[in-house]
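Observations on the three-dimensional arrangement
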Amino acid sequence: MAQREDADGNRRWSIDRRTLGLWLLGLLAALAVLWGLGAAAPVLIPLAGAFFVAVAVAPVGRWVRDRVPPRLALLGPLAAMLTVLLVLAVFAGGLWFIGQRVAGEVPRHAEELQRLWEQANGWIDGLRERFLGGSGGDSDGGGGGAEALSGLVASVLAAAREAVSTVVIVLFLALLMLVEAPVWREKIVKTLGPERCATTVTAVTAIAQQFRRFLLVSTTLGLITGALYIGWLSLFGIDFLFLWGFLAFLLNYIPVIGSVGAATLPVLMALAQSGSTTALMVAGGLLVIEQVMGNFIGPRLEGKQLAISPLVIVSSLLLWSWLWGAAGTVLAVPMTVLIAIALSHIDALRPFAFVLSDKSDRRRFEARTRPE
C-alpha cells in the first residue's frame, strides 16, 4: 500500500497489485496448510506425540549410549523408553490410587451430588425458558443424574481404549526416532557438509534444550500447585483431595484455561458439601494460589524460557482442538511453545516470536531469548 497523488493533487491510498497478490497467495497457502493439518490428523497426531516424547527423554538415551560400548548403543534408546514407561507406570498408579479413594467416598455424597445436579438442571431450564422460550418440562429429574453418570462412564471407557492404542503407537514411533536419530544426523551432515550443518545442528540442540526446560518447569509448577491445592482444601474438609490435586497438576500444562478448570471443580464440591460460604472461601484461596504460582514462583523458575501470551495460548487451544480434536487440546501448548522457541532462534523470524510472547518491551524480549 502506498500514497499517490491524483490529477487534482489529492493524496490517495493505493494498493500495489503485486503486494495484494502476495498477500492473497499467503492467505491461500495458510488455508491449504490448515486443511492439510486437519486432513492428515490420523498420521500427524502420533508423529507429533512421538516427537515430543523423544525430545523429552533424549538426554537419558544419550547419557547411557555414551557410557556403553558401540555395539551396545541400542541400550541408550531402550533406557530412554524405560524412563517413559516408568513415568506412565507412576501415572497409572496414581490414577488407580485416586480411583480407589473416589470410589470409596462417592456413596457418602450421592445425595449431595444428586441435589447439585437437580439444582444445575433447574438453573439451566430457567435460562432456557427465559432466553429461548423453551420449557424445562423435558428434564429427566432425579433419573437424569444417574443416566448422565452412566453415559459419562461409557464415554470415559471408550476414550481410555482409544488413548491406550494411541499411546502404544506413540511409544513405538518414539523408540524408532531415538534409535535412528544419530543415523539421520550423520546423513544431514554428509548431505549439507559440516560447515553448513553446524549452525543448524546448534540451533536445533538449543531449541530441544529450551523445550525440555519448559517441560521440567511445567512439571515442577504442577507438583507444587497440586500440593498447595491438597493443603488448602484439607483445611475445609473437602473430600476427593487427591483427585483435585491430581487435576491441578495435569491442568497446569494448559495455561490460563487449565487453572480455571482445576479450581472450578473443587469449588463446586465445596458448594455441594458445605454451602456457599465455604465455597467462596475455597475459591478465594485457590485464586491466591494461582496468582502466587503464576506471578511469583512461575517467572522465577522459567528464567530465560520464552513465555507465551495468554491470548496466543487460548487461540492455539481453539485452533488445534478444531484441527485435531481432544488430541489437539493436549498438544496445543507444547506445539505453540516449540514453534515460538524455534522462531526465537532464527534471526529473520524473531519478530514473530516477539508477537507470540507475553512481552511488550522488545529489548527485554531480545535479552531474555537471545540464543547463547
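Residue positions within a chain follow its written sequence, with the count starting from 1. The predicted nature of this model means local features are confined to residues of pLDDT at least 70 and side-chain atom pairs, given and counted, to a pLDDT of 80 or more, with totals for whole chains, interfaces and linings taken over all residues. To get the side-chain values, take all heavy atoms of the structure and skip hydrogens and water.

Right, let's get into the overall build of the chain. Put simply, DSSP marks the helices as runs of H or I at least four residues long and the strands as runs of E at least two long, and each gets a number from the N terminus on. When helices and strands are tallied, the chain shows twelve helices and two strands. When each of the 372 residues of the chain is scored for burial, the buried share is 29%. Whether two residues touch is decided by their heavy atoms; if any such pair falls within 4.5 Å, the residues are in contact. Counted over contacts in the chain with a minimum sequence separation of 6, partners at least 24 positions apart contribute 66%. Only the protein chains shown count as covering a residue, and every accessible area follows the Shrake-Rupley method with a 1.4 Å probe. For the chain, the exposed surface amounts to about 23200 Å²; the carbon and sulfur share of it is 69%. A 1.4 Å probe rolled over the protein chains alone gives each residue an accessible area, and that area as a share of the maximum for its type sets the label: buried under 20%, exposed over 50%, partly exposed in between.

In this section: the side chain of Arg212. For Arg212, the location among the structural elements is in helix H6 (residues 194-235). Those residues in contact with Arg212 that sit more than four places away from it in its chain are Val55, Ala56, Ala58 and Pro59.

Turning to the packing of helix H7 (residues 241-251) against helix H8 (residues 257-274), a few remarks are in order. If you want to describe how two helices pack, look at the angle between their axes and the distance between the axes. Contact pair H7 / H8: the axes reach a minimum separation of 8 Å and the direction vectors enclose 165°. Of the possible angle classes, the one that applies to H7 and H8 is roughly antiparallel. By crossing handedness, the relation of H7 to H8 is classed as right-handed. Residues Trp244, Leu247, Ala248 and Leu251 of H7 form the contact with H8, whose participating residues are Gly258, Ser259, Gly261, Ala262, Leu265, Pro266 and Met269. Under the scheme applied here, ten amino acids are nonpolar (Ala, Val, Leu, Ile, Met, Phe, Trp, Tyr, Cys and Pro), four are charged (Asp, Glu, Lys and Arg), and all others, including Gly, are polar. A breakdown of the residues in the contact of H7 with H8 according to their chemical character gives eight nonpolar, three polar and no charged. Here the axes come from fitting lines to C-alpha atoms, over the contacting stretch only for helices, and the angles between their N-to-C directions go from 0 to 180 degrees. Put simply, angles under 35 degrees are roughly parallel, angles over 145 are roughly antiparallel, angles from 65 to 115 are roughly perpendicular, and the rest are oblique. If you view the pair so one helix is near and one far, a crossing is left-handed when the near helix is turned anticlockwise from the far one by less than a right angle, and right-handed when it is turned clockwise.

A grouping of Leu20, Leu24, Leu27, Leu28 and Leu31 is seen on the molecular surface, where their side chains present a nonpolar patch of about 480 Å² in accessible area. On the basis of relative accessible area, Leu28 is assigned to the exposed category, the value being 56%. A patch consists of residues whose relative accessible area exceeds 30% and which take part in no salt bridge; residues with like charges are grouped when within 9 Å of each other, and nonpolar side chains (Val, Leu, Ile, Met, Phe, Trp, Tyr) when within 5 Å. The rule for a salt bridge is simple: a side-chain nitrogen of Lys or Arg has to be within 4 Å of a carboxyl oxygen of Asp or Glu.

Quick look at the packing of aromatic side chains now. Only Phe, Tyr and Trp rings take part, Trp by its six-membered ring, and two of them pair if their centres are within 6.5 Å. Stacked means planes under 30 degrees apart, edge-to-face means over 60, and tilted covers everything else. Enumeration according to the criterion identifies seven aromatic pairs in this entry. For the ring pair Trp232 and Phe236, a centre distance of 5.0 Å and an interplane angle of 65° mean the geometry is edge-to-face. Taken together, Phe51, Phe52 and Phe211 form an aromatic cluster joined through their ring pairs.

Let us now look at the packing of helix H2 (residues 41-65) against helix H10 (residues 310-344). For the pair H2 and H10, the least separation of the axes is 11 Å and the interaxial angle reads 40°. Comparing their axes, H10 and H2 come out oblique. For the element pair H2 and H10, the recorded crossing hand is left-handed. Along the contact surface, H2 presents Ala41, Leu44, Ile45, Ala48, Gly49, Phe51 and Phe52, while H10 presents Leu323, Trp324, Ala327, Leu331, Pro334, Met335 and Leu338.

All right, on to H10 then. To estimate the expected span of a helix, subtract one from its residue number and multiply by 1.5 Å. Over its 35 residues, H10 extends only 18 Å from the first C-alpha to the last, a length that falls short of the 51 Å expected when each residue adds 1.5 Å. Two axes enter the definition of the bend at a residue: one is fitted to the seven residues ending there, the other to the seven starting there, and the bend is the angle between them. At Trp324, H10 shows its strongest bend, of approximately 145°.

Here the nonpolar core consists of buried residues drawn from Ala, Val, Leu, Ile, Met, Phe, Trp, Tyr and Cys, with membership extended through side-chain atoms lying within 4.5 Å. Counting 25 residues, the largest nonpolar core has Phe52, Phe211, Trp324 and Leu331 as its most contacted members. When residues of this core are traced back to their parent elements, those giving at least two are H2, H6 and H10. Here this core gets 14 residues from one element, more than from any other, and that element is H10. Apart from the residues within four sequence positions on either side, Leu331 is in contact with Ile45, Ala48, Gly49, Phe52 and Trp324. Core analysis: the second largest hydrophobic core is formed by 21 residues, Ile98, Ala248, Met269 and Met293 among them.

Residue placement: Ala174 occurs in helix H5 (residues 142-192). In this structure the C-alpha to C-alpha distance between Ala174 and Ala80, which are 94 residues apart in sequence, comes to 9.6 Å. When residues no more than four places from it in sequence are discounted, the contact partners of Ala174 are Ala50, Val53, Ala54 and Met81.

Our next topic: the confidence of the model for the chain. pLDDT measures how confident the predictor is about each residue, on a scale from 0 to 100. Mean pLDDT over the chain: 77, with 72% of residues reaching 70 or higher. Within the chain, the element-level pLDDT minimum falls on strand E1 (residues 2-5), averaging 50, and the maximum on H2, averaging 89.

In this section: the side chain of Thr336. Looking at where Thr336 falls in the secondary structure, it is placed in helix H10. Assessed through its relative accessible area of 7%, Thr336 is described here as buried. Within 3.5 Å is the distance limit for a polar contact, defined as a pair of N or O atoms, with the added protein rule that one can donate a hydrogen and the other accept it, and that residues adjacent in sequence qualify only through two side-chain atoms. There is a polar contact of 3.3 Å between the side chain of Thr336 and the side chain of Ser316.

Tracing the backbone through its elements, the reader meets Pro266 in helix H8. Since its relative accessible area comes to 0%, Pro266 is described here as buried. For the pair Pro266 and Ala279, spaced 13 residues apart in sequence, the C-alpha separation works out to 8.5 Å. Beyond its immediate chain neighbours, meaning those up to four positions away, Pro266 contacts Leu233, Ile238, Trp244 and Leu286.

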